[in-house]
Structures are given as C-alpha cells and as structure tokens.
Amino acid sequence: MLKWDKLINSGGVKMKKSNLLLLSVFVIAAVMVSACGSGNDGESSNEETKQNEETKQESEKASKNKEKDNSSSLDKGIEEVLTSLQELKDTAESSPDDTEKLNSKGKTLSENWEPIEKNVEERNPGAYENIEKSLYPLISEAQKEKPDNNKVKQLIDETTEKLNQFKDKISSS
C-alpha cells in the first residue's frame, strides 16, 4: 500500500504542478490580452483626438469662410445702397419735380437696404442705429406724394457719409 500512496501523492503533486502551470499560462495570456487591448484603446483614443481636432479645424475654416462670405456680401450690399443713394441724389438734382422717379428711387433704396440691414446690425449695432436715423427718414421723404427736395438731398448726404464710415470701419477690421 505504501507504493500506492506514493504513486497517488506523486500523481497529486504532478496534477497540482500542471494546474499551477496552466493557471500561470492563463494569467500571462490574460495580462497580454489586456495589455494589447489597452494599446488599441490608446491608439483609438489618439485617432479620435485627431479626428476631433480635424473636425474642429474644419468648423473653424467653415466659420471663417462664412464670415468672409458675409463680409463680402455686406460689402456688395453697401455698394448697392451707395449706388441707390447716388441715383436718388442725381434724380433729386436733375428732376426735382418728377415725383414718380423720386418715389421709385426711394423704393429701390429701401429694397437694396433690406438684405444687408440685419448683417449691419449684427456687425455694429451702434453704426446700424446711426445709419437708420437718416436712412429711414430719407426713404420716407423720397416716397411722399410731394418730397421736399432739400430735405432729400440733406438726408442723402448724411446717409452716404454714415455708410462710407461704416464701410471703412469694416474694411479695416
């Protein structure tokens, strides 16, 4: 019986050693897999960070382009309003009694102001308010049944000056 006990004990030890070896291999494998997993997470995190940066840069570019487009369209709009003012002035000087022409030029002025009005207000609320103090009375006067020519000319000069000042201000910024 002694041999049997020795055999069982030595087999038990062998079994314990193989279980211990198997457990060690499993733990090492688990550690390696988790290390590889965190390496991928780091790479994935780096890729996400790069993508976020690229998205942020694209948004900034789009915002700058939009601002540039708004500025460009604002410049064009101001030029149209200034042209309308000049045409109204020319009409007031050459055909002061032609109410229909004055009314028409006043309407055109109003129509050219409308598309840029909000943009002007957003860019500079103070300048917007200042411009409108002479522009709206001008539009109103030019569209009267019998416009006061002297008042029209005075308001044209005031509005033109204010618009040019605003234009210079936005061009330099």
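As a reminder, the structure under discussion sits directly above these lines.
What you are looking at is a predicted structure, and each value in this text was computed from that prediction instead of being measured. (Residues numbered from 1 in each chain as written. Predicted model: local features only at pLDDT ≥ 70, side-chain atom pairs only at ≥ 80, totals over all residues. Heavy atoms only, no water.)

K.L.:
How would you sum up the packing of helix α3 (residues 125–142) against helix α4 (residues 149–172)? Please name residues and give values.
P.N.:
Orientation of α3 relative to α4, taken along the N-to-C sense of each, is 150 degrees, at an axis distance of 9 Å. With respect to α4, the element α3 is oriented roughly antiparallel. Crossing handedness for the pair α3 and α4: left-handed. Mapping the contact onto sequence places A127, N130, I131, K133, S134, L135, P137, L138, E141 and A142 in α3 and K151, V152, L155, I156, E158, T159, K162, L163 and F166 in α4. Taken together, the residues of the contact of α3 with α4 break down into 11 nonpolar, 3 polar and 5 charged. (Axes fitted to C-alpha atoms, helices over the stretch in contact; angles between N-to-C directions. Helix = DSSP H or I, 4+ residues; strand = E, 2+ residues; numbered from the N terminus. Parallel < 35°, antiparallel > 145°, perpendicular 65-115°, else oblique. Left-handed = near helix turned anticlockwise from the far one by under 90°. Contact = heavy atoms within 4.5 Å. Nonpolar A, V, L, I, M, F, W, Y, C, P; charged D, E, K, R; others polar.)

K.L.:
Residues and numbers for the pattern of salt bridges, please.
P.N.:
This structure, assessed with the given rule, holds 6 salt bridges. The salt bridge partner of E79 is K167, with a shortest N-O separation of 2.1 Å. Of this pair, E79 sits in helix α1 (residues 2–94) while K167 sits in helix α4, and the two are 88 residues apart along the sequence. You can call K167 partly exposed: its relative accessible area is 23%. In this structure, K151 and E141 form a salt bridge, with 4.0 Å as the shortest nitrogen-oxygen distance. Note that K151 is positioned in helix α4 and E141 in helix α3, a separation of 10 residues in sequence. Residue class for E141 comes out buried when judged on its relative accessible area of 5%. Salt bridges sharing common partners tie together E141, K144 and K151. (Salt bridge = Lys/Arg side-chain N within 4 Å of Asp/Glu carboxyl O. Buried < 20%, exposed > 50% of the residue type's maximum accessible area, 1.4 Å probe, protein only.)

K.L.:
Lay out a nonpolar patch on the surface with the relevant residues and their values.
P.N.:
On the surface, L23, F26, V27 and V31 cluster together into a nonpolar patch covering about 400 Å² of accessible area. As for its placement among the helices and strands, L23 is situated in helix α1. (Patch = residues over 30% accessible without salt bridge, like charges linked within 9 Å, V, L, I, M, F, W, Y side chains within 5 Å. Areas by Shrake-Rupley, 256 points an atom, 1.4 Å probe, with all protein chains shown as cover.)

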